[in-house]
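# Structural characterization, general
Listed below, chain by chain, are the residues.
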Amino acid sequence: MTSRLTVTPAGDHLALAGAIDEHSDLMSLLARAQGGHLALDLSGITFINSLGVRDWIRMPAMAQQRGIVLELRRVAEPIVHQLNMIIATRGASRVLSFFAPYACDACGREDSLVVDAVANAAGLSKLQPPAQKCPECGAPMAFNDFPERYFSFLTGG
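All values reported here derive from a predicted model rather than from experimental measurement. (Residues numbered from 1 in each chain as written. Predicted model: local features only at pLDDT ≥ 70, side-chain atom pairs only at ≥ 80, totals over all residues. Heavy atoms only, no water.)

Before going further, it helps to spend a moment on the pattern of salt bridges. Enumeration according to the criterion identifies 8 salt bridges in this entry. Between Arg-54 and Asp-55 there is a salt bridge, and its shortest N-O distance comes to 3.1 Å. You can call Asp-55 buried: its relative accessible area is 13%. Note that Asp-111 and Arg-109 form a salt bridge whose closest N and O atoms lie 2.7 Å from each other. Judged by relative accessible area, Asp-111 falls into the partly exposed class, the value being 23%. A relative accessible area of 27% means that Arg-109 is categorised as partly exposed. What you see here is one network of salt bridges that share partners, running through Asp-12, Glu-71 and Arg-73. (Salt bridge = Lys/Arg side-chain N within 4 Å of Asp/Glu carboxyl O. Buried < 20%, exposed > 50% of the residue type's maximum accessible area, 1.4 Å probe, protein only.)

Structure follows, in structure tokens:
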């Protein structure tokens, strides 16, 4: 069984962790918006099922109807995959940063590293992954997926 969704206030945002599924109450997050703005840190999301996707699609749509700007930070790979597969999951949300797979040829480490979508917007729009250094050995890491597939949620593809 997957872990349930937990929501923790963390400064100017809410940190979500666990699974987004039929037990998640994503709509209740909108009541926690401050001044028409809601920032979500999604780094702790480990799983999302089809019912979670359905509710995820509804949440940003309702945010837009209510005039709430939805900002996504540190988007975990399970959510990135949904953003890429189902266009409706993107809504009008603004992705500031996300995790992406990288591999180090020098030491063999594979890791999911944070990519700043704002600072790297120009390169990402051209499907160019930003350079990353291995946290273990310091060597350059290679992007470990197909850029045209992985970054499509940023380019509207």
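Once that is clear, we can look at the sheet that holds strand S5 (residues 94-95). Ordered by their spatial adjacency, 5 strands build an open sheet running S1-S2-S3-S4-S5, and the pairing between neighbours is mixed. The outermost strands of the open sheet, each flanked by one partner alone, are strand S1 (6-10) and S5. Pairing of strand S2 (residues 13-20) with strand S3 (residues 37-48) involves 6 bridges; the strand directions are parallel. In the sheet register, Leu-14 faces S3, and the bridge partner there is Leu-40. Of the strands in this sheet, S2, S3 and strand S4 (69-73) touch helix H1 (residues 50-65), which is tilted by about 170 degrees from S3. (Pairing = 2+ DSSP bridges. Helix = DSSP H or I, 4+ residues; strand = E, 2+ residues; numbered from the N terminus. Contact = heavy atoms within 4.5 Å. Axes fitted to C-alpha atoms, helices over the stretch in contact; angles between N-to-C directions.)

Moving on to helix H2 (residues 77-85). What H2 keeps buried is the set Ile-79, Val-80, Gln-82, Leu-83 and Asn-84. Among the structural elements, S2, S3, H1, strand S6 (97-103), helix H4 (147-150) and helix H5 (152-155) are those in contact with the buried residues of H2.

Turning to its location among the elements, Asp-41 is positioned in strand S3. In this structure Asp-41 comes out as buried when scored by relative accessible area, which is 10%. Residue contacts for Asp-41: discarding those within four places in its chain leaves His-13, Leu-14, Ala-15, Leu-16, Arg-73 and Arg-74.

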